[in-house]
Amino acid sequence: MNYETGAIGGGQHLELEGPAPSKRSRWIAIVAVLLVAGLAAWFFLGNKKHEAGATAGAGTQVPNITVIVPGQQSVSRLISATGTLAARREMPVGVAGEGGLVTRVLVEPGQWVGAGQVLATVDRSVQTQTASALNAQVAVAQSDQQIAQAELDRAQQLVDRGFISKADLQRRTATRDAAAARVRAAQATYREAQARNGRLDIRAPAAGLILTRAAEPGQIVSSGSGVLFRMAMGGQMELRAQLAESDLVGLSVGAPATVKPVGGDQSFKGEVWQVSPVIDPQTRQGVARIALSYDPALRPGGFAAATIRGGTANAPLLPDSAIQSDDKGSFVYIVGPDNKVARRDIKIGQVSDSGVTIASGLNGSERVVRSAGGFLAPSQVVHPILAGREAK
């Protein structure tokens, strides 16, 4: 204690206890304040940790993902191919006879002609004179035959009277027969000349469409001149489609096809009329020839694309929403037995209103993510739900 003294009256002294606080009281107050502050801080930080824990728990929640098991379905097998347009039966036309100077060309490319129609004529002035001379020889031979026949007739009348012997009659008969043979020979030679003259005209071997023309008036042609005209028999066209070896398997004659020439919007219906019996060992491809009816838009030598309906096949069918794609190609996400997402590369086949046919990559028994694949990542754990019910 602190004591203070004071004087009162005649020198008397009194001792008084003062009101000032002690050091112990001040320390107690300080400790109390610190305890209150610590409790407040603990309460505040505890709430923050609880909220953070709740947020972290929400972030690790396993998402629900709808999956489908496509199985195997019967789908139409469509084969895409490209190739070159050509005449189904192309006929090269050249000089069949001796040839000579072309005097007239009577047709143009794109023109229809009949069988045997003259396409071009060749000068035949010399051949005509030769034929005239041979015709005259026929007339001479016929006259000799007539004389021999008349002499034989008179001899037969005289032999019965004994004026001519039977030996003379036989000689006259032989003379008549020889004259008749010379007539036939002269006639054959004349007909040969006529046939040769007829071959001077360049004619269409069958009805069809003129594709090309390589003959002009004034041109000297012969059997070695090569092809002067090219024709499409009956105007029939075809697409020689190049197909992979695997696409040729199961493709049969009569399969319907749709052909679209490059650069055009029009499509043409056709059907496979011949499937290549051999495979090119270098390209591993074969040819399917698709018959087409004539149309001005089908130009031989042009390029075209074809879609061939090659029967039916069993394959998985997925909706469009299940298909993903990136720089590596098309893929889907599947959910494995451990409910982890995995990427599966696929090859897309036919695309139709029913869905997308998977040509390869799936066997149909996998659990495929139906949608929301863009929000998933490989190895992510999900909770799969199959077709409206929880997947087990």
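Definitions and cut-offs
Residue numbers run consecutively from 1 along every chain, following the written order of its sequence. It should be noted that, the model being predicted, local features are given only for residues of pLDDT at least 70 and side-chain atom pairs only at 80 or more, the latter also being counted only at that level, while totals for whole chains, interfaces and linings use all residues. In computing side-chain properties, one takes all heavy atoms of the structure into account and sets aside hydrogens as well as water. Secondary structure elements are defined from DSSP: runs of H or I of at least 4 residues count as helices, runs of E of at least 2 residues count as strands, and each element is numbered from the N terminus. For every residue, the accessible area (1.4 Å probe, protein chains only) is compared with the maximum for its type, and the residue is labelled buried under 20%, exposed over 50%, or partly exposed between those bounds. A score between 0 and 100, pLDDT records how confident the predictor is in each residue. Contact between two residues is taken to exist if any of their heavy atoms lie within 4.5 Å; hydrogens are not considered. A pair of Phe, Tyr and Trp rings is counted when the ring centres sit within 6.5 Å of each other, with Trp represented by its six-membered ring. The angle between the planes then sorts it: under 30 degrees is stacked, over 60 is edge-to-face, the rest tilted. Whether a charge sits over a ring comes down to the Lys NZ or Arg CZ being within 6 Å of the ring centre and within 35 degrees of the ring normal. A pair of strands is treated as paired once DSSP finds two or more bridges between them. In these notes, a set of buried Ala, Val, Leu, Ile, Met, Phe, Trp, Tyr and Cys residues joined through side-chain atoms within 4.5 Å is what counts as a nonpolar core. Note on definitions: salt bridges are taken to be side-chain nitrogens of Lys or Arg within 4 Å of carboxyl oxygens of Asp or Glu.

**Notes on unusual backbone geometry**
- Unlike most non-glycine residues, Asn339 shows phi in positive territory, near 60 degrees.
- Note that Asn339 resides in the loop between strand S20 (329-335) and strand S21 (341-345).
- We classify Asn339 as partly exposed; its relative accessible area is 25%.
- For Ser379, which is not a glycine, the phi torsion comes out positive at approximately 75 degrees.
- Residue placement: Ser379 occurs in the loop between strand S24 (367-369) and strand S25 (383-386).

**Regarding the confidence of the model for the chain**
- Chain-level statistics for the chain give a pLDDT mean of 81 and a share of 83% at 70 or above.
- In this model, residues 1-20 is a region of pLDDT below 50 whose contacts with residues beyond four sequence positions or in other chains number 14 contacts.

**Let's talk about the packing of aromatic side chains**
- A complete count under the given rule lists two aromatic pairs for this structure.
- Arranged with centres 5.5 Å apart and planes meeting at 75 degrees, the rings of Phe331 and Tyr333 form a pair that is edge-to-face. Grouping residues by exposure puts Phe331 and Tyr333 together as buried.
- The ring of Phe331 has Arg343 sitting right over it, with the charged end atom 3.9 Å from the ring centre.

**So, the sheet that holds strand S18 (residues 317-318)**
- The strand order S18-S23-S22 describes an open sheet built from three strands, whose pairing is antiparallel. In the strand order of this sheet, the two ends are held by S18 and strand S22 (347-352), each with one partner.
- Relative to strand S23 (residues 355-360), S18 runs antiparallel, the two sharing two bridges. Among the inter-strand pairings, Leu317 is bridged to a residue of S23, identified as Thr357.

**Focus on the sheet that holds strand S12 (residues 229-233)**
- Ordered in space as S5-S12-S10-S7, the four strands form an open sheet in which the pairing is antiparallel. What marks the edges here is a single partner per strand, and that holds for strand S5 (90-93) and strand S7 (112-113).
- Pairing analysis gives four bridges linking S5 to S12, with the strands arranged antiparallel. Across the sheet, the residue bridging to Pro92 is Arg230, located in S12.

**Looking at the nonpolar core**
- Grouped together as the largest cluster of nonpolar side chains are 24 residues, with contacts concentrated most on Leu239, Leu243, Leu251, Val259, Ile290, Leu292 and Ile308.
- For this core, the secondary-structure elements that each account for two or more residues are strand S4 (73-87), strand S13 (237-244), strand S14 (256-261), strand S15 (268-275), strand S16 (285-292) and strand S17 (303-315).
- With residues near it in sequence (within four places) discarded, Leu243 still touches Ile79, Ser80, Ala81, Leu248, Leu251, Arg284, Gln285, Gly286, Ala288 and Ile308.

**Considering the side chain of Thr357**
- Along the chain, Thr357 turns up in strand S23.
- Judged by its relative accessible area of 7%, Thr357 is buried.
- Once residues lying within four places of it in the same chain are set aside, the contact partners of Thr357 are Val75, Ala315, Pro316, Leu317, Lys347, Ile348, Gly349 and Gln350.

**Considering the pattern of salt bridges**
- The final tally for this structure, using the stated rule, is 15 salt bridges.
- Two residues, Glu98 and Arg196, come together in a salt bridge whose shortest N-O distance is 3.7 Å. Taken as a pair, Glu98 in the loop between S5 and strand S6 (100-105) and Arg196 in helix H3 (residues 166-199) lie far apart in primary sequence, 98 residues in all.
- The class for Glu98 is partly exposed, based on a relative accessible area of 48%.
- The partner of Glu192 in a salt bridge is Arg196, with the nearest N and O atoms 3.2 Å apart. Of this pair, Glu192 and Arg196 both sit in helix H3, four residues apart, which is roughly one turn of that helix.
- Look at Glu192 and you get partly exposed, because its relative accessible area is 41%.
- Sharing partners across several salt bridges, the network here consists of Glu98, Glu192 and Arg196.

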